[in-house]
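Geometric and topological summary
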Number of protein chains: 6
Amino acid sequence: MKPRILIINPNSSEEMTGAIHRNAAAFAGEDMEVVTVPTPGTSPFIATYEDHAMAAPGMVRLLRENEAGFDAFIIACHGDPNIDLMKEITVKPVVGIAEASMKMATMLGHSFSVIAPVERTVPNKKALVDKYGLSRDMASVRPAIIEQGADEAERLIAAGRRAVEEDMAEVLVLGCAGFAGLDKRMEKELGVPVLDGVICALIIASGLVKYGVSISKKRRYDNTFGKR
Amino acid sequence: MKPRILIINPNSSEEMTGAIHRNAAAFAGEDMEVVTVPTPGTSPFIATYEDHAMAAPGMVRLLRENEAGFDAFIIACHGDPNIDLMKEITVKPVVGIAEASMKMATMLGHSFSVIAPVERTVPNKKALVDKYGLSRDMASVRPAIIEQGADEAERLIAAGRRAVEEDMAEVLVLGCAGFAGLDKRMEKELGVPVLDGVICALIIASGLVKYGVSISKKRRYDNTFGKR
Amino acid sequence: MKPRILIINPNSSEEMTGAIHRNAAAFAGEDMEVVTVPTPGTSPFIATYEDHAMAAPGMVRLLRENEAGFDAFIIACHGDPNIDLMKEITVKPVVGIAEASMKMATMLGHSFSVIAPVERTVPNKKALVDKYGLSRDMASVRPAIIEQGADEAERLIAAGRRAVEEDMAEVLVLGCAGFAGLDKRMEKELGVPVLDGVICALIIASGLVKYGVSISKKRRYDNTFGKR
Amino acid sequence: MKPRILIINPNSSEEMTGAIHRNAAAFAGEDMEVVTVPTPGTSPFIATYEDHAMAAPGMVRLLRENEAGFDAFIIACHGDPNIDLMKEITVKPVVGIAEASMKMATMLGHSFSVIAPVERTVPNKKALVDKYGLSRDMASVRPAIIEQGADEAERLIAAGRRAVEEDMAEVLVLGCAGFAGLDKRMEKELGVPVLDGVICALIIASGLVKYGVSISKKRRYDNTFGKR
Amino acid sequence: MKPRILIINPNSSEEMTGAIHRNAAAFAGEDMEVVTVPTPGTSPFIATYEDHAMAAPGMVRLLRENEAGFDAFIIACHGDPNIDLMKEITVKPVVGIAEASMKMATMLGHSFSVIAPVERTVPNKKALVDKYGLSRDMASVRPAIIEQGADEAERLIAAGRRAVEEDMAEVLVLGCAGFAGLDKRMEKELGVPVLDGVICALIIASGLVKYGVSISKKRRYDNTFGKR
Amino acid sequence: MKPRILIINPNSSEEMTGAIHRNAAAFAGEDMEVVTVPTPGTSPFIATYEDHAMAAPGMVRLLRENEAGFDAFIIACHGDPNIDLMKEITVKPVVGIAEASMKMATMLGHSFSVIAPVERTVPNKKALVDKYGLSRDMASVRPAIIEQGADEAERLIAAGRRAVEEDMAEVLVLGCAGFAGLDKRMEKELGVPVLDGVICALIIASGLVKYGVSISKKRRYDNTFGKR
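This structure is a prediction, so every number in the text was calculated from the model and none was measured. (Residues numbered from 1 in each chain as written. Chains lettered and ligands numbered in written order. Predicted model: local features only at pLDDT ≥ 70, side-chain atom pairs only at ≥ 80, totals over all residues. Heavy atoms only, no water.)

**Notes on helix α1 (residues 14-28) of chain D**
Note the cut-off: In DSSP terms, a helix is any run of H or I states spanning at least four residues, a strand is any run of E spanning at least two, and both are numbered starting from the N terminus. Expected span of a helix: the number of residues minus one, times 1.5 Å. Under the scheme applied here, a residue whose accessible area is under 20% of the maximum for its type counts as buried, over 50% as exposed, and between as partly exposed, the area being computed with a 1.4 Å probe on protein chains only. Residues count as neighbours in contact if any of their non-hydrogen atoms are within 4.5 Å of one another. Definition of a polar contact: a pair of N or O atoms within 3.5 Å, with one able to donate and the other able to accept a hydrogen when the atoms are protein atoms, and with sequence-neighbouring residues admitted only if both atoms are side-chain atoms.
Taking 1.5 Å per residue, 15 residues should reach 21 Å; α1(D) reaches 20 Å between its end C-alpha atoms and fits that length. Among the residues making up α1(D), those that are buried are D:M16, D:T17, D:G18, D:I20, D:N23, D:A24, D:F27 and D:A28. On its buried face, α1(D) sits against α8 (197-211) of chain B together with β1 (4-9), β2 (33-38) and α8 (197-211) of chain D. The opening residue of α1(D), the one whose side-chain oxygen lies 3.4 Å from the backbone nitrogen of D:E15, is D:S13. In the stretch just after α1(D), D:G29 is the one whose phi turns positive, near 55°.

Encoded structure:
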């Protein structure tokens, strides 16, 4: 029986949802069933804390409506918006793409860098790294480098090169679900592993489903509190 | 000109709002103008991450509607729900009662303990302590000790006594806005400073207003991102 | 094409190798091909640093002889003996069961405890937790509790219960590959997720193979150094 | 009743004492009574550990002679010289300007930089940041940048600009009591909050007085030890 | 040529000075020349921060008067009073007995405990452990256990036993220069290494002299600042 | 009675063994007896984890064969290869040159830098710094700077200069036993203490012998486990 996994894109962009889905489905192949949905009533791009908060009601609704029909849930934004909330409200596995990709990165080299879309979110991502206790393993967070005439891949490669050469990163993590599909091109160019968060989350989520293990309901993520 | 401070109680309990207000107003005296409001459409008691998320829309609305009329804002729940969001959306000072009281506690003794309402929220509070980088200064988080026939103050005192004697805490922090008014009784009983979060937040918030300093709008809490 | 994974048991016990294999094979099912081998010329039980060192030559030989024939390698001892060496000498993924299970545990709850076979190895395991930067996420390392007439499962359950109740652990990690097969019984008894290291490593290893990602060969684990 | 606060300038410079006082008095306004005194028999500028030690006897004398007449005490040197001593010997609140300003800075943005007078004291200030457990929140310590023809404000602004742009600081802290009065000019120039330590300390100290809370006399700062 | 080492006992007790000296001289034997002096004008027992500060002028005088005549200096109080000051004012090696013994302890086992004279100083000693960045290596600070009829050695042994059995300490550090001569008796009783600070400091100090290495005069401990 | 110390060079280079020995013997003088041996069957230069592992059997044999004849053992490679193993298998003191030199460096200035032979080993050395809990004290790890026509000393000096000026290092540590004899030349050139690991280890090892203290055999390094 294949794990059925719902990928929740916390933004409302159909285009980004499509890109995420194609990438996820290609990885899933015959091993898992993957459905990807945008979150209605949210911003088309998640960057600010307000975007996070605005996405919560839609994400909760999506999770609750689909709880019975799926085995695990992935939050497909590299800010891991509302991840504690999602882990709390269901007894099924929930995986954030930042958490999965950054923790997996620590298994593959001495230190990792996150490539962020824009400088504005660099401290927010560092705060997320701190939340997961990964500061020691982080080489840097580098925003994509804007160059005249460069396409997105080239901008990420330019940032990744500095991370590898100047910050001594040995592994790179794509800091946005919207970078779907650029990992292998970057890897080829830069000679270090480049991790896509959604794929890392699919590995963890499908594994947990197969193993029959989920979020602990003891204390922190107990969802029966005040309801018993 | 007195600082005008809006205390946002993220839950919907009129009773707790009243208790918080009486305590805040007594401290404010003639030095500040304080208004305390519950958040409509939220849970009567904030404990879970879902309670936090559900409170966000109401809290945003309250902050936006009152932005012009007040000089600073206090989030009066010791989980500091949606604190990054609140700091982001306004150019005026926003102070969380957990952040204010725990950071102030570090100035008064070697280590502090937080007295939590129930065991369920202990790890959540520890995660908050981590978020603020205060783990080294924390002696423990201790839930109120339920004893037959004991009133709330006695339960907190029993927990505080263990924190001071067994965990070596030198300062105590009340881990719930609803404990308003119990600080001085505990202090007298236990012989160590006991901090109420709302009062600590009033000190910081009114001070920032007087000083004319607010949340940095450079990067992490920039609220113009994607809007310029 | 199924991932072919070699599980290297760093000790020489055929019996433990068999137990590990049965457990791994049951999890692998049709999704991966799993082969489990003991390491010739090593101790029947790995506990000391000398046991680690004595296992290195055999582990290197096993990895080199099987490098072409397998897609990934798992080190099946919860001390992760020689893990940096293994990551260095091959371009294929290598996963230690302690690293995989402890990092996966951090995704499932506030804090985890490791259940160790004996008190002697508690500091060694804490040193390993430090190596992976996981001290903040660790509730405790608890040795199995020896009780008259108790079988192994009961001893682990007794230790796990203390970890959950006294140390506030929300997730448990089996601290020995030889505990294979006891996870689900403990989980049922204790009501928190209990992770077997080999299964966690299979999840990570098979995922990396599928994803086409491996250990970074930039600097720390570069295996061409001094050979070019 | 207004809090009466004694600002102890640990150096002997009448000029710097005057500058500190004017700044403090302007902030205090009608809300507090502020007296500022130099410390007799000390160096005119506090930089070295010897300057700290030489200031201790005079600071103790000032504190003891004025203990009855004031409600709280501020140590107005950004090295927080003898701060543990001062907290120990009195039952009234004592606030160091480095501790107050750096802890307040952590409430206003992702990370702060301290602007130091000279490079010589940079490691000393980093050691102080470590003492307060704030390394994670610190972007950098930057010495004023000496430029031909630049006045003090311009030198601090030049240093602050690098802190904000290169070190990603979101808040700046003036690393010397002698920089009194330059905060608002820097803030205007650089667009981030700039904190003066004396004013931050006044906020905390007057707040503690109003709240009726002081240094814990349990263990670390117990001043009855060996005297009972 | 034998290293000539001055042991500065920061208190004024002739008796404790004698005990420290006998112990030091027995260790020094023919390899070093050791002189031990009390500090005039100080408290007979150093416990509080005030005791530290009061000792500074005398310690500075002793160091300056003897700078030419000795090769290295040891501060013989386990609070390392005024250690930064001492390191700053001379170009010759200065070693604190807490720093030397605790750092040496980390080379001998997984974690160490400090046995403190009284509970009052436990947080002060923890703050010192933090100052040296050794919290990870510290199992606990345990005060001597007062038992009816027990002599000092028995009280230390009782505390040490709990540190070893309950806190998992593998090495013990005597937390007071006045415990001189009790190390070997404790070691025999408890079966773990027990370190006397003065002896550890003699090892480091005489080694530095022989090696011709001293405190760095670059920045933090530069003693020419403001004097050139 | 002079301490008899065996210096184990984990590589097989007779030339490097000779250089280490000459340097050690010059320091030892009449105070200790020093014998230096290469490790048969190992790589001529230790850089990779494989080099570490390959050296283990020879190092164990050397230690066991010489256990009775020597009082202490030094591992003379700045990667501290197999140091836990060595500490475990003997009841006599074992000192790693990286551990000794880096911990001694922390006593001499605010922060230290390690000068590494090549960039490849920089992350490995950072991992070692982490293992010893010294990250806070480390300014940087800098590889020797390759310049046309520069000899080894000049390359190390160039790297050291950047460490002191750009990374704010106040003490330097030679990151390779093969740099024997360059410390004093660098010190003269750069004006900061420069530590040779073997000499630092001789200081610690001979001191422990004289003191009669050794590795704790309680738990982590217990060598009787499974043998009683």
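**Observations concerning the relation of the copies chain C and chain A**
Our working rule: What sets the superposition is a least-squares fit of C-alpha atoms, and only residues with pLDDT of at least 70 in both copies go into it.
Expressed as a screw transformation, the operator carrying chain C onto chain A has a rotation angle of 180° and an axial translation of 0.0 Å, and the superposed copies differ by an RMSD of 0.0 Å. Expressed as an axis order, the relation between the two copies is that of a two-fold axis. Residue by residue, 100% of the interface of chain C is reproduced at the interface of chain A, so both copies engage with the same surface.

**Looking at the arrangement of the chains**
A minimum C-alpha distance of 15 Å separates chain C and chain D, which share no contact. Without any contact between them, chain B and chain F keep their closest C-alpha atoms 15 Å apart.

**What about the packing of aromatic side chains?**
Where we set the bar: When the centres of two rings from Phe, Tyr and Trp lie within 6.5 Å, Trp using its six-membered ring, the rings pair. Their planes under 30 degrees apart give stacked, over 60 give edge-to-face, and anything left gives tilted.
Taken as a whole and judged by the stated rule, the model has 18 aromatic pairs over all chains. Note on A:Y211 and C:F27: the rings are 6.1 Å apart at their centroids and 80° apart in plane angle, and the pair reads as edge-to-face. One end of the pair, A:Y211, is in helix α8 (residues 197-211); the other, C:F27, is in helix α1 (residues 14-28), on a second chain. Taking the relative accessible area as the measure of exposure, A:Y211 reaches 5% and is therefore buried.

**A few points about the interface of chain F and chain C**
Our working definition: Accessible area that two parts lose when put together, evaluated with a 1.4 Å probe and summed over both, is termed the buried area. By salt bridge we mean one thing: a side-chain nitrogen of Lys or Arg within 4 Å of a carboxyl oxygen of Asp or Glu.
If you look at the interface, chain F gives 24 residues, while chain C gives 24 residues. Taking both sides of the interface into account, the surface hidden between chain F and chain C amounts to around 2,200 Å²; carbon and sulfur atoms contribute 62%. By the criterion of area lost to chain C, the three top residues of chain F are F:Y49, F:R120 and F:F225, representing 30% of everything that side buries. Where chain F touches chain C, the interface holds eight salt bridges.

**So, the pairing of strand β3 (residues 72-75) of chain F**
Stated precisely, the cut-off is as follows: Convention used here: a crossover is right-handed provided that the path from the first strand, over the helix, to the second strand proceeds clockwise when the strands point away from the viewer.
Covered by surrounding structure in β3(F) are F:A72 and F:I74 together with F:F73 and F:I75, the residues of both alternating faces. What joins β3(F) to strand β4 (residues 94-96) of chain F is helix α3 (residues 83-89) of chain F, and the crossover it makes is right-handed.

**A word on the packing of helix α6 (residues 152-165) of chain F against helix α7 (residues 183-190) of chain F**
All names here are of chain F. For clarity, the threshold we go by: In this analysis, axes come from line fits to C-alpha atoms, helices being fitted only over the stretch in contact, and the angle between any two N-to-C directions falls in the range 0 to 180 degrees. For classification purposes, an angle smaller than 35 degrees is called roughly parallel, one larger than 145 roughly antiparallel, one from 65 to 115 roughly perpendicular, and anything else oblique. Two helices cross in a left-handed way if the nearer one is turned anticlockwise from the farther one by less than a right angle. They cross in a right-handed way if the turn is clockwise. Under the convention adopted here, Pro, Cys and the residues Ala, Val, Leu, Ile, Met, Phe, Trp and Tyr are nonpolar, Asp, Glu, Lys and Arg are charged, and Gly plus all remaining residues are polar.
Following both chains from N to C, one finds α6 and α7 inclined at 45°, their axes separated by 10 Å at the closest point. If you check the angle between α6 and α7, you find them oblique. In this structure, the crossing between α6 and α7 has a hand that is right-handed. Listed contacts from α7 to A153, E154, L156, I157, G160 and R161 of α6 are R185, M186, E189 and L190. A per-class count over the contact of α6 with α7 returns five nonpolar, one polar and four charged.

**Re helix α2 (residues 49-66) of chain A**
All names here are of chain A. Rule in force here: Throughout, the bend at a residue refers to the angle made by two axes, fitted to the seven residues ending there and to the seven starting there.
The terminal C-alpha atoms of α2 lie 25 Å apart, and with 18 residues this matches the ideal 26 Å at 1.5 Å per residue to within 8%. The largest bend in α2 is about 40°, located at A56, with the proline P57 one to four residues further on. Burial within α2 is extensive, with 13 of its 18 residues counted as buried.

**With respect to the UniProt feature "transmembrane region" (unreviewed entry) in chain A**
Rules: UniProt positions are given in the numbering used here, feature names are shortened, and annotations may be inferred rather than shown by experiment.
The feature "transmembrane region" (unreviewed entry), as given by UniProt, occupies residues 190-213 of chain A in the numbering adopted here. Across residues 190-213 of chain A, the secondary structure splits into 67% helix and 8% strand, with the terminal C-alpha atoms separated by 36 Å.

**Quick notes on the pairing of strand β6 (residues 138-143) of chain C**
Residue and element names in this part refer to chain C. Short version of the rule: The rule for pairing is simple: two strands pair if DSSP sees at least two bridges between them.
One ladder, built from five bridges, connects strand β5 (residues 112-116) with β6; its direction is parallel. By the bridge assignment, F112 is partnered in β6 with M138. In this fold, β5 hands off to helix α5 (residues 122-131), which returns the chain to β6; that crossover is right-handed.

**Some details on the interface of chain C and chain A**
With 50 residues of chain C at the interface, the matching set in chain A holds 50 residues. For the chain C and chain A pair, buried surface summed over both sides reaches about 4,100 Å², with 57% attributable to carbon and sulfur atoms. Contact with chain A buries surface across chain C, with C:M107, C:Y211 and C:R219 losing the most and accounting together for 20% of the total. Joining chain C to chain A, the criterion identifies six salt bridges. Across the salt bridge formed by C:R219 and A:E165, the nearest N and O atoms sit 3.9 Å from each other. The tally of links between chain C and chain A comes to 36 residue pairs in polar contact (both at pLDDT 80 or more).

**Quick look at the pattern of salt bridges**
For the structure on display, the rule yields 112 salt bridges over all chains. Among the salt bridges present, the one from F:R220 reaches F:D84, with a minimum N-O distance of 3.5 Å. Separated by 136 residues along the polypeptide, F:R220 in the segment after α8 (197-211) and F:D84 in helix α3 bring together distant segments of the chain. Because the salt bridges share partners, they merge into one network encompassing A:E119, B:K218, B:R219 and D:E165.

**Let's talk about the relation of the copies chain F and chain C**
When chain F is fitted onto chain C, the two copies agree to an RMSD of 0.0 Å after a turn of 180° and an axial shift of 0.0 Å. Comparing contact sets, 100% of the residues at the interface of chain F also lie at the interface in chain C, consistent with an isologous, same-surface contact.

**Digging into the sheet that holds β1(D)**
Strands in a sheet are paired, the pairing made by backbone hydrogen bonds, and the direction either parallel or antiparallel. All names here are of chain D. What the four strands build is an open sheet, ordered β2-β1-β3-β4; its pairing is parallel. Each edge of the open sheet carries a strand with a single partner, namely β2 and β4 (94-96). Geometrically, the sheet is characterised by an average inter-axis angle of 20° between neighbouring strands, direction not taken into account. Where β1 meets β2, six bridges bridge the pair, whose relative direction is parallel. Considered in β2, the bridge of R4 is made with E33.

**What about the domain arrangement of chain A?**
Much of the literature gives interface size as the accessible area that the parts lose upon coming together. Residue and element names in this part refer to chain A. Rule in force here: Domain delimitation follows an automatic or database domain assignment.
Here chain A is partitioned into domain 1 (4-96 + 199-211) and domain 2 (99-197). Between the C-alpha centres of domain 1 and domain 2 there is a distance of 21 Å. Contacts between the two partners involve 23 residues from domain 1 and, on the opposite side, 26 residues from domain 2. With both chains or domains summed, domain 1 and domain 2 bury close to 1,700 Å², and 58% of this area falls on carbon and sulfur atoms. Applying the counting rule to domain 1 against domain 2 returns two salt bridges. Among the salt bridges present, the one from D84 reaches K131, with a minimum N-O distance of 2.5 Å.

**Observations concerning unusual backbone geometry**
Within the chain, A:M168 stands out as a residue other than glycine whose phi angle is a positive 65°. Along the chain, A:M168 turns up in the loop between α6 (152-165) and β7 (171-174). With relative accessibility at 15%, the residue A:M168 sits in the buried group. You will see that C:N82, though not glycine, has its phi angle at about 60°, which is positive. Looking at the secondary structure, you find C:N82 in the loop between β3 (72-75) and α3 (83-89).

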